[in-house]
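Letter by letter, the chains look like this.
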Amino acid sequence: MLKSKMSEALNKQINEELYSSYLYLSMSAYFDNMGLKGFANWMRIQAMEERDHAMKLFDYLLSQGSEVDLKEIKEPQHKWNGIKDVIEATLEHEQHITQCINDLVDIAEELKDRATYNFLQWYIDEQVEEEENAREILDKLELIGDSKDALFMLDKDLAQRVYTPPITQA
Ligand code: FEO
């Protein structure tokens, strides 16, 4: 059984991850309405992965005999100031999530909760990747500038992203 400070913090993170999923879904719709199907696909898959991040926490809490306490998910933003604004917001959001994970690790350390500390290492690695992915798209957008052809190519590239379900233990 987890200490209450740890389980409360992990429950809060479930909400953060579900909000992330909601936010990226909203971004996916925004891109779709702009005719950028590749960007929309990338964001839709991002949203699915965020749900997986929430479920991993959900399952961990249950595996520890702790309570899952689901809260209201706040409404995400719906409008942005163009493509770059969305990706900048994505990077900013991922930096916020990285900070949340770091805070969770601090709590696990403070409570000498080794199991949760180990569990959180997956999220530490994931956050490096999450920030890198957003930064990569942002760098490409910088290079593209005003070129419609290059934007079309990037959109085609982002359309290739496929969802990989997490490996679950039988
Ligand atoms: Fe679950 Fe993108 O952080």
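Basis of the calculations
- Residues numbered from 1 in each chain as written.
- Predicted model: local features only at pLDDT ≥ 70, side-chain atom pairs only at ≥ 80, totals over all residues.
- Heavy atoms only, no water.
- Core = buried A, V, L, I, M, F, W, Y, C linked by side-chain atoms within 4.5 Å.
- Buried < 20%, exposed > 50% of the residue type's maximum accessible area, 1.4 Å probe, protein only.
- Helix = DSSP H or I, 4+ residues; strand = E, 2+ residues; numbered from the N terminus.
- Contact = heavy atoms within 4.5 Å.
- Phe/Tyr/Trp six-rings, centres within 6.5 Å; stacked < 30°, edge-to-face > 60°.
- Lys NZ or Arg CZ within 6 Å of the ring centre and 35° of its normal.
- Salt bridge = Lys/Arg side-chain N within 4 Å of Asp/Glu carboxyl O.

Here we look at the nonpolar core
In this structure, Phe31, Phe39, Met43, Ile87 and Leu141 are the most contacted members of the largest nonpolar core, which totals 25 residues. Of all the secondary structure elements, the ones that give two or more residues to this core are helix H1 (4-34), helix H2 (37-63), helix H3 (83-110), helix H4 (114-144) and helix H5 (148-158). The leading source of residues in this core is H1, at 6 residues. Excluding its chain neighbours within four sequence positions, the residues that come into contact with Met43 are Tyr24, Met27, Ser28, Phe31, Val86, Ile87 and Thr90. Counting residues in hydrophobic clusters, the runner-up holds 19 residues, among them Tyr60, Val105, Ile107 and Tyr123.

Things to note about the packing of aromatic side chains
For the structure shown, the criterion picks out 6 aromatic pairs. Here Tyr60 and Phe119 contribute two aromatic rings whose centre-to-centre distance is 4.0 Å and whose plane-to-plane angle is 10°, an arrangement assigned as stacked. Residue Tyr60 is located in helix H2, and its partner Phe119 is located in helix H4; the two are separated by 59 residues in the primary sequence. Pair check on accessibility: Tyr60 and Phe119 agree, each one buried. Here a set of aromatic residues connected by ring pairs shows up, and it is made of Tyr30, Phe31, Phe39 and Trp80. Taking the ring centre of Trp122 as reference, the NZ or CZ of Lys56 above it sits at 4.6 Å. Between Arg161 and the ring centre of Trp42, over which it is positioned, the NZ or CZ distance is 4.5 Å.

Some thoughts on the environment of Thr90
Within the secondary structure, Thr90 is located in helix H3. Along the backbone, Thr90 and Met27 are 63 residues apart, and their C-alpha atoms lie at a distance of 9.1 Å. Setting aside residues up to four positions removed in sequence, Thr90 forms contacts with Tyr24, Met27, Met43 and Ala134.

Regarding the environment of Asp85
Along the chain, Asp85 falls in helix H3. You can call Asp85 partly exposed: its relative accessible area is 25%. Spatially, the C-alpha atoms of Asp85 and Ile101 are 24 Å apart, while their sequence positions differ by 16 residues.

Some thoughts on the pattern of salt bridges
Tallying each qualifying case throughout the model produces 9 salt bridges. A salt bridge links Lys84 to Glu142, with the shortest nitrogen-to-oxygen separation between them at 3.2 Å. Within this pair, whereas Lys84 is found in helix H3, its partner Glu142 is found in helix H4, the two being separated by 58 residues in sequence. Residues Glu131 and Arg135 are paired through a salt bridge, measuring 3.1 Å at the closest nitrogen-oxygen approach. Highlighted residues: Glu131 and Arg135, both in helix H4, separated by 4 residues, approximately one helical turn. You can call Glu131 buried: its relative accessible area is 14%. Exposure remark for Arg135: the relative accessible area of 35% places this residue in the partly exposed category. Residues participating in the shared-partner salt-bridge network are Lys84, Glu88 and Glu142.

Nothing here speaks to function; it is all geometry.
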